[in-house]
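So you can see what is in the structure, the chains are spelled out below.
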Amino acid sequence: LEPGGDPEGPGQGMALRLGFRQVKGVPQEEAEWLTAARGNGYGDPVALWRKAGLKPAVLEKLAKADAFASLGLDRRQALWAIKPLGDKPLPLFAAAGEEDRGAEPAVALPAMTLGDQVVEDYRALRLTLRAHPVELLRDRFAASAPAETLVGVKHGTRLSTAGLVIARQRPGTAKGVIFVTLEDETGVSNIVVWARVYEAHRREILTGRLLRITGKLEREESVVHIIAEKIEDLSPLLDGLSEAGGFEQGYAHADEVKRPVAEDNRAPKIAPRPRHPREESKLLFPSRDFH
């Protein structure tokens, strides 16, 4: 957390800096080389390759994460600049400046749509600082209540809401009840799925990335959740945000539905009560009166 951003905005002049650890596929050692050589100044991906000695594969990961935006390059422009690079600078170029390498001919690359950018953000960073995917699809959810409006809904009201699945939990002590957390552009909503509903919608719950839940809203003081009655998997809409498709999404570490924790593993370990010798004999030599 550091000073920055709009003083009148929600952060009141503070900003959260995301580290290179957030970028999928960038090793810690490469990130340390990058930051250690940062004082030399980076004008473009070629300068980063030459001064920090990063491999083109790592540079491509950074480009796909939109790390070169501060240098005035979008993803496609940065990837285009990285393609001609080898694993390390040739000795002649290592001693020379980037200007001695010759200029690449100008190429008019097609601009990426907002949907393209959002999909690539999730693919590389598991989050986006642009528009939320559900916001881009809001016209498809005209009848679905945004998460921020649920606090004002009357107890017992039947409604629908939609969002990205960010957590799915099935605690060992919940007797088969599953708790799902959905996220849209306005906030999060908590969904309770009873065992019988889960059995009817097993595939949607286990594989769905974007769900629409219909059910009754329940309120207990400040806690609001929806008891699911109908579950719809709308995940294909996410792939339609980009021409390339392939929307990828990270889940919370609490996601236990695919590998549920057994109840016995959650139960406290209690030492068995010592048995009386007569009880031991009954266990070792049970009655022979079979039925």
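Above this text is the structure in question.
Residues numbered from 1 in each chain as written. Predicted model: local features only at pLDDT ≥ 70, side-chain atom pairs only at ≥ 80, totals over all residues. Heavy atoms only, no water.

(A) Fine view of the overall build of the protein. For the protein, the count of helices and strands is 12 helices and seven strands. Across the 291 residues in the protein, those meeting the buried criterion constitute 37%. At a minimum sequence separation of 6, the contacts of the protein that also span at least 24 residues come to 58%. Summing over all exposed atoms, the protein offers an accessible surface of approximately 18300 Å²; the carbon and sulfur share of this is 54%. (Helix = DSSP H or I, 4+ residues; strand = E, 2+ residues; numbered from the N terminus. Buried < 20%, exposed > 50% of the residue type's maximum accessible area, 1.4 Å probe, protein only. Contact = heavy atoms within 4.5 Å. Areas by Shrake-Rupley, 256 points an atom, 1.4 Å probe, with all protein chains shown as cover.)

(B) Seen up close, the packing of helix 2 (residues 45–52) against helix 3 (residues 56–64). Running from N to C, helix 2 and helix 3 point in directions that differ by 140°, and their axes come no closer than 11 Å. Looking at the two axes, helix 2 sits oblique to helix 3. Remark: the crossing between helix 2 and helix 3 carries right-handed chirality. Every residue of helix 3 that contacts helix 2 at P45, L48 and W49 is listed here: P56, L59 and L62. Residue composition of the contact of helix 2 with helix 3, by class: six nonpolar, no polar and no charged. (Axes fitted to C-alpha atoms, helices over the stretch in contact; angles between N-to-C directions. Parallel < 35°, antiparallel > 145°, perpendicular 65-115°, else oblique. Left-handed = near helix turned anticlockwise from the far one by under 90°. Nonpolar A, V, L, I, M, F, W, Y, C, P; charged D, E, K, R; others polar.)

(C) Representation of the sheet that holds strand 7 (residues 223–233) in the model. Reading around the barrel, the five strands line up as 3-4-5-7-6 and close back on themselves, with mixed pairing between neighbours. Strand-to-strand twist across the sheet, computed as the mean angle between neighbouring axes with direction ignored, equals 55°. Taken together, the seven bridges between strand 3 (residues 158–169) and strand 6 (residues 210–220) define a ladder with antiparallel strand orientation. Across the sheet, residue G163 finds its bridge partner in strand 6, namely L211. (Pairing = 2+ DSSP bridges.)

(D) Main features of the layout of surface pockets. The computed volume of the largest pocket comes to approximately 840 Å³. In terms of lining, the largest pocket is formed by 25 residues, of which the most central are R17, L18, F20, D66 and A67. For the lining of the largest pocket, a count of residues per class yields 16 nonpolar, four polar and five charged. (1 Å grid on protein atoms, 1.4 Å probe; cavity = no way out; pocket = protein on both sides within 12 Å on 5 of 7 lines; lining within 4 Å. Points joined across faces, edges and corners; volume = space filled by probe spheres on them.)

(E) Quick peek at the pairing of strand 4 (residues 178–184). Here strand 4 lies mainly inside the structure; five of its seven residues are buried. Across five bridges, strand 3 lies against strand 4 in antiparallel orientation. If you follow V165 over to strand 4, its bridge partner there is L182. Turn length for the strand 4-strand 5 (residues 187–193) hairpin, with the two strands adjacent in sequence and antiparallel, is two residues.

(F) A look at the nonpolar core. Ranked by size, the top nonpolar core spans 22 residues in total, and within it L48, L54, L59, L62 and F68 carry the most contacts. Within the residue set of this core, elements represented by two or more residues are helix 1 (28–36), helix 2, helix 3, helix 4 (75–82) and helix 6 (114–125). Filtering out sequence-adjacent residues up to four positions away, L62 remains in contact with F20, V26, L34, L48, L54, A67 and F68. (Core = buried A, V, L, I, M, F, W, Y, C linked by side-chain atoms within 4.5 Å.)

(G) Quick peek at the pairing of strand 6. Sheet analysis places strand 6 next to strand 7, joined by 10 bridges and oriented antiparallel. Among the inter-strand pairings, R219 is bridged to a residue of strand 7, identified as V224. In textbook terms, the turn of a hairpin is the stretch between consecutive antiparallel strands, and for strand 6 and strand 7 this stretch comprises two residues, one of which, E221, has a positive phi near 60°.

(H) Focus on a nonpolar patch on the surface. Together, L1, M14, L16, L18 and L129 make up an exposed nonpolar region whose accessible area comes to about 590 Å². Turning to its location among the elements, M14 is positioned in strand 2 (residues 14–15). (Patch = residues over 30% accessible without salt bridge, like charges linked within 9 Å, V, L, I, M, F, W, Y side chains within 5 Å. Salt bridge = Lys/Arg side-chain N within 4 Å of Asp/Glu carboxyl O.)

(I) Structural context of the packing of helix 3 against helix 4. In the contact formed by helix 3 and helix 4, the axes pass within 8 Å of each other and the chain directions differ by 170°. With respect to their mutual orientation, helix 3 and helix 4 come out roughly antiparallel. Counting all contacts with helix 3, which are made through P56, L59, E60, A63 and K64, the residues of helix 4 involved are R75, A78, L79 and I82.

(J) Just the side chain of R75, in detail. Here R75 lies in helix 4. Setting aside anything within four residues of it in sequence, one finds R75 in contact with A63, K64, A65, D66, M112, Q117, E120, D121 and R130.

(K) Quick peek at the side chain of H132. Turning to its location among the elements, H132 is positioned in the loop between helix 6 and helix 7 (133–136). Since its relative accessible area comes to 11%, H132 is described here as buried. Among the polar contacts listed, one links the side chain of H132 to the side chain of E183, at a separation of 3.0 Å. Those residues in contact with H132, other than ones at most four positions away along the chain, are Y122, L164, E183, D184 and E185. (Polar contact = N/O pair within 3.5 Å; in protein donor to acceptor, adjacent residues only side chain to side chain.)

(L) Region of interest: the pattern of salt bridges. In total, this model carries 14 salt bridges according to the counting rule given. A salt bridge links R130 to D121; its shortest N-O distance comes to 2.6 Å. D121 gets classed as buried once you look at its relative accessible area, which sits at 3%. As a salt-bridge pair, D184 and R138 come within 3.5 Å of each other at their nearest N and O atoms. You can see D184 sitting in strand 4 and its partner R138 sitting in the loop between helix 7 and strand 3, a full 46 residues away along the chain. Neither D184 nor R138 differs from the other in exposure class; each is buried. When salt bridges with common partners are traced through the structure, they connect D66, R75, D121 and R130 into a single cluster.

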